[in-house]
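Residue-level structure breakdown
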Amino acid sequence: MDDYPLLNLFWTMLWLFLWILWFFLLFKVLTDIFRSHDMGGWGKAGWTIFVILLPYLGVLVYLIVRGKEMGQRDRALAAQAESDFQGYIRKAAGTEDRNAGPRHVDELSRLADLRSSGAISEEEFRQAKQKLLA
């Protein structure tokens, strides 16, 4: 190891980095091939065989031919995941369907304000609360 020059070490690390980077790109392309809904089974099989048999050329050609759609699919998937996440948060927080009318919490708050201002009695408050929670 003492006779291995520093420049050769950097050169080796660069090639190792590029090799690992290419593997990430290969897996990304293979994932995109199978995730693509606009391509039939034969198209997916053809691209997969091309990418496996001629890996460097196959990946580069795939990126040139279908790179734009690949980015669009990634953005659509990210937007769908964000939308699903926001929907889950709304559902968990109980704020789903704000336009469908007041929620129980909002209605109870309004009833408590009416009771505290003296607009309704304690008995009317309890009746409205029972009706709301039933």
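As a starting point, this report considers the structure included with it. (Residues numbered from 1 in each chain as written. Predicted model: local features only at pLDDT ≥ 70, side-chain atom pairs only at ≥ 80, totals over all residues. Heavy atoms only, no water.)

Let's talk about the nonpolar core
For the record, the criterion: In this description, a nonpolar core means a group of buried Ala, Val, Leu, Ile, Met, Phe, Trp, Tyr and Cys residues linked to one another through side-chain atoms lying within 4.5 Å. Relative accessible area decides the class of each residue, using a 1.4 Å probe on protein chains only: under 20% of the type maximum gives buried, over 50% gives exposed, and in between gives partly exposed. Helix numbers and strand numbers start at the N terminus; a helix is a DSSP run of H or I with at least 4 residues, a strand a run of E with at least 2. Contact definition: two residues touch when any of their heavy atoms are within 4.5 Å.
Judged by nonpolar contacts, Trp 22, Leu 26, Val 29, Leu 30, Ile 33, Met 39, Trp 47, Val 51, Val 59, Tyr 62 and Met 70 together constitute the single largest core of 11 residues. Secondary-structure elements contributing two or more residues to this core are α1 (6-35), α2 (41-53) and α3 (55-93). The biggest single contributor to this core is α1, with five residues. Every residue in contact with Trp 22, bar those within four places of it in the chain, is listed here: Pro 55, Tyr 56 and Val 59.

Description of α2
Residue pairs spaced three or four apart in an α-helix point in one direction, given the helix's 3.6 residues per turn. Heads up, the condition is: Expected helix span is taken as 1.5 Å per residue step, with the number of steps being one fewer than the number of residues. As used here, the arc is the angular range of directions from the helix axis to the C-beta atoms.
Taking 1.5 Å of rise per residue, 13 residues should cover 18 Å, and α2 covers 18 Å from first to last C-alpha, within 8% of that figure. Along α2, the positions that sit buried rather than exposed are Lys 44, Trp 47, Thr 48 and Val 51. Angularly, the buried residues of α2 cover 100 degrees about the axis, an arc narrow enough to put them on a single face. In α2, those exposed residues whose orientation departs by more than 90 degrees from the buried face are Trp 42, Ile 49 and Leu 53.

Some thoughts on α1
Between its first and last C-alpha, α1 extends 43 Å over 30 residues, near the 44 Å set by a 1.5 Å rise per residue. Looking at the buried side of α1, the elements it contacts are α2 and α3.

Concerning the packing of α1 against α2
Put simply, the rule is: Every axis in this analysis is a line fitted to C-alpha atoms, fitted for helices over the stretch in contact. Angles between the N-to-C directions lie between 0 and 180 degrees. Angular relationships are summarised with four words: roughly parallel below 35 degrees, roughly antiparallel beyond 145, roughly perpendicular across 65 to 115, and oblique for the angles in between. Crossing handedness: left-handed means the near helix sits turned counterclockwise from the far one by under a right angle, and right-handed means the same turn made clockwise. Note on residue categories: nonpolar means Ala, Val, Leu, Ile, Met, Phe, Trp, Tyr, Cys or Pro, charged means Asp, Glu, Lys or Arg, and polar means any other residue, Gly included.
Packing of α1 against α2 leaves a shortest axis separation of 9 Å and a crossing angle of 170 degrees. As the angle between them shows, α1 and α2 are arranged roughly antiparallel. Our pair here, α1 against α2, has a crossing hand that is left-handed. Within the contact between the two elements, α1 uses Leu 26, Val 29, Leu 30, Ile 33 and Phe 34 and α2 uses Lys 44, Trp 47, Thr 48 and Val 51. Residue classes in the contact of α1 with α2 are distributed as seven nonpolar, one polar and one charged.

Things to note about the pattern of salt bridges
When charged atoms on two side chains of opposite charge get close, those side chains can pair. To keep it simple, the criterion reads: A side-chain nitrogen of Lys or Arg and a carboxyl oxygen of Asp or Glu constitute a salt bridge if their distance falls within 4 Å.
Enumeration according to the criterion identifies nine salt bridges in this entry. Residue Arg 35 is joined to Asp 32 by a salt bridge in which the shortest nitrogen-to-oxygen separation is 3.6 Å. In this pair, Arg 35 and Asp 32 both sit in helix α1, three residues apart, roughly one turn of the helix. Judged by relative accessible area, which is 23%, Arg 35 ranks as partly exposed. Take Asp 32: its relative accessible area is 0%, and that puts it in the buried class. A salt bridge links Arg 126 to Glu 123, with the shortest nitrogen-to-oxygen separation between them at 3.0 Å. Of the two residues, Arg 126 and Glu 123 both sit in helix α5 (residues 122-133), three residues apart, roughly one turn of that helix. It is possible to trace a salt-bridge network through shared partners that takes in Lys 28, Asp 32, Arg 35, Asp 38, Arg 66, Arg 73 and Asp 74.

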